[in-house]
Amino acid sequence: VQVLSASKQLSNEIAQKQLTAETTERQIDEARLQYVPVAFQTAILFFCIADLANIDPMYQYSLPFFINLFRAAISKSQKSDDIAERILILNDFFMEMLYKNICRSLFEKHKLLFSFLLTMRLRITTGKVSMSDYRFLMTGGTAMEEPPAKPADWVPDRCWLEIFKLSKLEEIYQAIPESFTSETPEVDAYDSGDPMRCLEDIRKAPQSLKGLTQFQKLMVLRCVRPDRVLPAVLTYVTAEIGEKFVTPPPFDIAGSYADSSTTSPLIFILSPGSDPSSALYMFATDKAREINSLSLGQGQGPKAERLLADATQSGSWVLLQNCHLFASWMPKLDKILEQMDPKATNVEFRLWLTSYPSDKFPVSILQNSVKITNEAPQGLRMNLEGSYLMDPISNEEFFEGCKNPQAFKRLLYALCFFHAVIQERRLFGPLGWNIPYEFTQNDLRISARQLQMFIDESPEQIQFKAINYLAGECNYGGRVTEAQDRRLLMTLLLDYYNPEVLKPGYSLCPEHPDFTVLPASSWEESLEMIRQTPMVTPPGIYGFHANANLTREQNETYAMMENLLLTVGQASGAGGTSPEETVGEAANDILRRMPEQFDLVQVQKRYPTMYEESMNTVLVQELTRFNSLTRVIVATLKDIQKAIQGLLLMSSDLEQVFLSIFNGKTPAMWLANSYPSLKPLGGYTNDLIERLKFFQAWIDNGIPVTFWLSGIYFTQAFTTGAAQNFARRYTIPIDTLVFDFDMPQDQQPVAKPENGVYCYGLFLEGCKWDWSEWELAESDLKVLYVSVPLLWILPCKKAELRKFPWYDCPLYKVSTRKGVLSTTGHSTNFVMPIKLRSSHPESHWVKRGVAMLTQLDA
């Protein structure tokens, strides 16, 4: 009985404890579930930073890093007994903490992108912004239909195309295209310095925009004024999540060092012109630490290993520079760090790495490191100041030690100005340089030393030819690989290295006479005068027209949207349709419009290979290329249709085609078999159909009177055919011929020219054609591209070239301008130089970045 009684008592105690446990569990669950909003937002934020790796391979962040940061936020954030208030505090505190931690490892151009990404993910998951609207902002629409005619001349083609695509997105946008007439307020928005304010102003806003949210107006702004999208995004982010998310933290080595440990290295992610080593050495001096530095490269692995082994015991710091140049050794470094025992390592030891972005960099090192970006100063004033603070210019002995100090100081300032100009021109994309070269401070150093050396050798008779050659062709020019860029470099340098610089009050830019060469003064006085230079520099200082700012800002907008698109997977398409439906409809539309392959046998019968007519050969070669291209397009689209129906396995290549079509982009598989093109899918398809129609008309009606030069696949073969016809007609060796160019007054000829060919379809960028003076002229404001008149390409002997004032204008296939040499010896982009009549000197248009294009990007 006693045992049974004890068992009963124990059983009751267990039952009571179970009830208590269940009650406690319910209380814990209730408390835990109250924090679901925190878990929900935190999960969204984690996937935001995880997707950054799609933009740059160096943006890698691990889950343990994220969890540790979240734990720190829990302990550091303000406490509150009110659960609702605590949730708000925790969400806000952690997001700000994450923003600051991630921002220090992002390049400047990606910091606003990150803020916008955070904002959009939060708004989309809460249903405040639809995925289809967000996708339109990034892509500009994916509708395949051809838009109706523009309602007014002031509306740019790309603007009208995107407005039309927006109207096809949802019913709410249908009335927008109809409101675009010359009398409506859209003109105000297009001409305004702050177009977003015009769209938001109730009195000025068009009727069709009333009722739209701020984000939806941002979509309209992308169509009307893409150059002002980034300032509007900044305003939108500030309004949605707060100003602190558009104010990134400054460069801070000390803060990054505090977050590091013996086993987590600190990585400086480099950009052109940046050099964090001087800041690091100053920080090491403050911390009384010794730095052992090594620049990595072939054969440096054993040295680096010895440095690390010694430093882990002694507690010194190791700096391994340019890790991207020794990618093959990086897995070994990864293994060393993995095997490093924190207990056996001196607590003062730190490993510092520098590297340009590289997809070969081990992900595990990136995820377990503290990443920092440090970019070169931007802006003319900051560049000039940086140059004057650099050794040897900041060295008094060097600055004051020349035998002709007056000439030396003026030319030295002009050289620093030149260095700043060529750096800043990179921000303007292909308009500035075809290839964005990495001009460094070492180029400036050696040029400054050579300048002093030549002036010391001949103080009264400065050898301008020699210093121009050394600086332009060797020091800076040694990096320049493109002929047009070399011409630009030498043209720019002549403005700064010439005898006129020595005259008091010489202006470095005729358009802005206030920018004069500094008078010869002490180093301190010169630096003070530099600091008085305006912070905002007009584009004319760099040689550009005012429109260059518009081009740069548009390019920045499109680049940001392209990067944002990389962070988006497959979500719903327009009007909430599934990706499969969107891609299936696009595939059906393209296949329906695609004509049959050209019958080459019949064409060769009608246009046989003839000694007297090379254009027959050109035609057959062109049709062969277009047949290959259309074969690839039709085959991939049919495979996509089968894969959507489940009849074919979706390979990785096919999946890339699927994603491209869904995003409204031309698939890479097509472009690999295509002529160069930057057009979106709809524009590319329309352009291809027009090209095929042009060649069908050639087949049906005979050799045309005027050729659509833009529609020809291999342009150089066409121009060679024109030269060959001339050479055979007059029995002249073809290698002695050159091309002369003219713009005939009769722009609609009815007969072919006796010699040469008439061509149309080209565009000018950087200037316009003056139809009254019949020569090149400055662009109209906000007009970036204009059509070129009918062009007469005329082969002739070099001695018979007509003499007139001209600009040797390069012709490119697409607006990126840079290309590579193909197996035929021709560039994949550059076609040829074309002489255009001009009353301005050639140097004026060279600095403007004027070029001709066979096609636009829209």
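Above this text is the structure in question.
Residue positions are given per chain, counted from 1 along the sequence in the order it is written. Only residues with pLDDT of at least 70 get local features here, since the model is predicted, and only at 80 or more are side-chain atom pairs given and counted; chain-wide, interface and lining totals rely on the full set of residues. Water and hydrogen atoms were dropped before computing side-chain values, which therefore reflect all heavy atoms in the structure.

Help me out: how do you make sense of the side chain of Ser710 in this one?
The way it works is that DSSP assigns letters per residue, a run of H or I at least four long becomes a helix, a run of E at least two long becomes a strand, and they are numbered from the N terminus. Looking at where Ser710 falls in the secondary structure, it is placed in the loop between strand S6 (706-708) and helix H31 (715-729). Contact definition: two residues touch when any of their heavy atoms are within 4.5 Å. Beyond its immediate stretch of four places on either side in the chain, Ser710 contacts Arg691, Tyr760, Gly761, Leu762 and Thr854.

It is not clear to me how the state of the cysteines should be interpreted in this structure. Could you clarify?
A covalent bond between the sulfur atoms of two cysteines is what we call a disulfide. In this description, the term disulfide denotes a pair of cysteine sulfurs within 2.5 Å. Within the structure shown, the criterion is met by zero disulfides. Distance from the sulfur of Cys402, which forms no disulfide, to the nearest cysteine sulfur (Cys416) is 14 Å. The buried label goes to any residue with under 20% of its type's maximum accessible area, the exposed label to any with over 50%, and the partly exposed label to all in between, with areas taken from a 1.4 Å probe on protein chains only. Judged by relative accessible area, Cys402 falls into the buried class, the value being 7%.

Help me understand unusual backbone geometry, please; the structure alone is not making it clear to me.
Most peptide bonds take the trans configuration, and most residues that are not glycine carry a negative phi. The amide bond that connects Asp391 to the next residue, Pro392, takes the cis arrangement and shows omega of 10°. Checked against the element boundaries, Pro392 lands in the loop between helix H17 (380-388) and helix H18 (396-400). In this structure, Trp774 takes a positive phi of about 60° despite not being glycine. With respect to the secondary-structure elements, Trp774 resides in the loop between strand S10 (768-770) and strand S11 (775-777). The class for Trp774 is buried, based on a relative accessible area of 12%.

Mind showing me how you'd approach the sheet that holds strand S1 (residues 266-269) here?
Pairing between strands requires that DSSP locate at least two bridges from one strand to the other. With parallel pairing, the five strands of this open sheet are ordered in space as S2-S3-S4-S1-S5. Each edge of the open sheet is held by one strand with a lone partner, namely strand S2 (291-295) and strand S5 (370-373). Across the sheet, the axes of successive neighbouring strands diverge by a mean angle of 20°, strand direction being ignored. Bridge count between strand S3 (residues 317-321) and strand S4 (residues 350-355): four bridges; the pairing is parallel. Helix axes are fitted to C-alpha atoms over the stretch in contact, other axes to C-alpha atoms as well, and angles between N-to-C directions run from 0 to 180 degrees.

Would you mind going over the packing of aromatic side chains with me for this structure?
Pairs of aromatic rings are described using the distance from one ring centre to the other and the angle between the two planes. Between the rings of Phe, Tyr and Trp (Trp by its six-membered ring), a pair exists once the centres lie within 6.5 Å; its type follows the angle of the planes, with under 30 degrees stacked, over 60 edge-to-face, and the other angles tilted. By the definition in use, this model includes 50 aromatic pairs. Here Tyr413 and Phe417 contribute two aromatic rings whose centre-to-centre distance is 6.0 Å and whose plane-to-plane angle is 50°, an arrangement assigned as tilted. With a gap of four residues between them, Tyr413 and Phe417 both fall in helix H19 (residues 405-424), about one helical turn apart. One exposure class covers both Tyr413 and Phe417, and it is buried. Each member of the aromatic cluster is reached from another via a ring pair, and the members are Phe626, Trp670, Tyr675, Tyr684, Phe694, Phe695, Trp698, Phe707, Trp708, Tyr713 and Phe718. Note on geometry: a ring has a charge over it if NZ (lysine) or CZ (arginine) is within 6 Å of the ring centre and within 35 degrees of the ring normal. Looking at Arg552, its charged tip hangs above the ring of Phe428, at a distance of 5.3 Å from the centre. Lying across the ring of Trp806, Lys835 places its NZ or CZ 4.7 Å from the centre.

Just checking my understanding: could you explain the packing of H17 against H19 for this structure?
Contact geometry of H17 with H19 gives a least axis separation of 9 Å together with a crossing angle of 130°. Between H17 and H19, the angle is such that the two are oblique. Two packed elements cross with a definite hand, and for H17 against H19 that hand is right-handed. Judged by residue contacts, Leu380, Asn383, Leu384, Ser387 and Tyr388 of H17 engage Lys409, Leu412, Tyr413, Cys416, Phe417, His419, Ala420, Val421, Gln423 and Glu424 from H19. Angle categories are assigned with fixed cut-offs, so that under 35 degrees is roughly parallel, over 145 is roughly antiparallel, 65 to 115 is roughly perpendicular, and the rest are oblique. Two helices cross in a left-handed way if the nearer one is turned anticlockwise from the farther one by less than a right angle. They cross in a right-handed way if the turn is clockwise.

When you look at helix H22 (residues 483-496) in this model, what are you seeing that I'm missing?
Helical geometry: 3.6 residues make up each α-helical turn, so side chains three or four residues apart lie on a common side. To estimate the expected span of a helix, count its residues, drop one, and scale the result by 1.5 Å. Relative to the 20 Å expected for 14 residues at 1.5 Å per residue, H22 spans 21 Å between its end C-alpha atoms, a close match to the ideal helical length. Of all the residues in H22, the buried ones are Gln484, Asp485, Leu488, Leu489, Met490, Thr491, Leu492, Leu493 and Tyr496. Here the buried face of H22 lies against H19, helix H21 (464-475), strand S14 (806-812), strand S15 (830-837) and helix H32 (842-848). Polar contact criterion, stated in full: a pair of N or O atoms within 3.5 Å, where within protein one must be able to donate a hydrogen and the other to accept it, and residues adjacent in sequence count only if both atoms are side-chain atoms. The N-capping residue of H22, defined by a side-chain oxygen 2.9 Å from the backbone nitrogen of Gln484, is Glu482.

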